[in-house]
Amino acid sequence: VHINYEQPWVTIVIEDNGSGFDPAKAPAGHGLKNMQRRLQTIGGTCGLDSTPGRGTKVTMRMCLPAKGGLA
């Protein structure tokens, strides 16, 4: 897990070196779609990079307001 803050952006990367998978062939679920939808709601992004035999990486990026935090 890596967290980087470059005002006003926070980037969170969760990465493993596991077996990975082909996202195009993955069974439909709600986890990644919900993360993408929630981050889009606050102006952020959520990306997935996975390759069979090479692990998986999820990258989330969001802008933090100067005052008041996220709602």
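Higher on the page you've got the structure.
Just so we're clear, the structure is a prediction, and the values are computed from it rather than from any experiment.

### Some details on the overall build of the chain
- Each helix and strand in the chain was counted, giving one helix and four strands.
- Starting at the N terminus and ending at the C terminus, the chain contains elements arranged as β-β-α-β-β.
- The principal-axis extents of the C-alpha atoms in the chain amount to approximately 40 × 25 × 10 Å.
- Burial status across the chain gives 17% buried among its 71 residues.
- In the chain, of all internal contacts separated by at least 6 residues, the share reaching a separation of at least 24 is 57%.
- With an accessible surface of roughly 5,400 Å², the chain has 54% of that area assigned to carbon and sulfur atoms.
- The positive charge centre, built from 8 side chains, and the negative charge centre, built from 5, are 10 Å apart in the chain.

### Examining the side chain of Ser 50
- On the secondary structure map, Ser 50 appears in strand β3 (residues 45–51).
- Separated by 3.3 Å, the side chain of Ser 50 and the backbone oxygen of Gly 55 make a polar contact.
- One polar contact links Ser 50 to Thr 56, side chain to side chain, over a distance of 2.8 Å.
- Every residue in contact with Ser 50, bar those within four places of it in the chain, is listed here: Gly 20, Phe 21, Pro 23, Gly 55 and Thr 56.

### Quick look at the layout of surface pockets
- Of the pockets and cavities examined, the largest pocket occupies roughly 180 Å³.
- Taken together, Phe 21, Pro 23, Ala 26, Pro 27, Ala 28, Gly 29, His 30, Gly 31, Leu 32, Lys 33 and Leu 48 form the lining of the largest pocket.
- The dominant element in the lining of the largest pocket, judged by the number of residues it contributes, is helix α1 (residues 31–41), at three residues.
- Here the residues of the lining of the largest pocket are counted per class, giving seven nonpolar, three polar and one charged.

About the criteria used
- Here the residue numbers are simple positions, counted from 1 along each chain's written sequence.
- Reporting in this predicted model follows two pLDDT cut-offs: at least 70 for local features of residues, and 80 or more for side-chain atom pairs to be given and counted; totals over whole chains, interfaces and linings ignore these cut-offs and use all residues.
- With hydrogens and water stripped out, all remaining heavy atoms of the structure feed into the side-chain values.
- Secondary structure elements follow DSSP: runs of H or I of four or more residues count as helices, runs of E of two or more count as strands, with numbering from the N terminus.
- With a 1.4 Å probe rolled over the protein chains alone, any residue whose accessible area is under 20% of its type maximum counts as buried; one over 50% counts as exposed, and the rest are partly exposed.
- Whether two residues are in contact is decided by their heavy atoms, any of which lying within 4.5 Å being enough.
- Values of accessible area rely on a 1.4 Å probe in the Shrake-Rupley scheme; residue burial ignores everything except the protein chains shown.
- His is not counted, nor are the chain ends, whereas Lys and Arg count as positive and Asp and Glu as negative.
- Every charge is mapped to an atom, namely NZ of Lys, CZ of Arg, CG of Asp or CD of Glu.
- Between N or O atoms, a polar contact is any pair within 3.5 Å; within protein, one atom must be a potential hydrogen donor and the other a potential acceptor, and residues adjacent in sequence are included only when both atoms are from side chains.
- In this analysis a 1.4 Å probe is tested at points of a 1 Å grid over the protein atoms alone, and where it fits but cannot get out there is a cavity; an open set with protein on both sides within 12 Å along at least five of seven lines is a pocket; lining residues have an atom within 4 Å of a point.
- Grid points are joined across faces, edges and corners, and a volume is the space filled by probe spheres set on the points.
- Just so you know the grouping, Ala, Val, Leu, Ile, Met, Phe, Trp, Tyr, Cys and Pro go in nonpolar, Asp, Glu, Lys and Arg go in charged, and all remaining residues, Gly too, go in polar.

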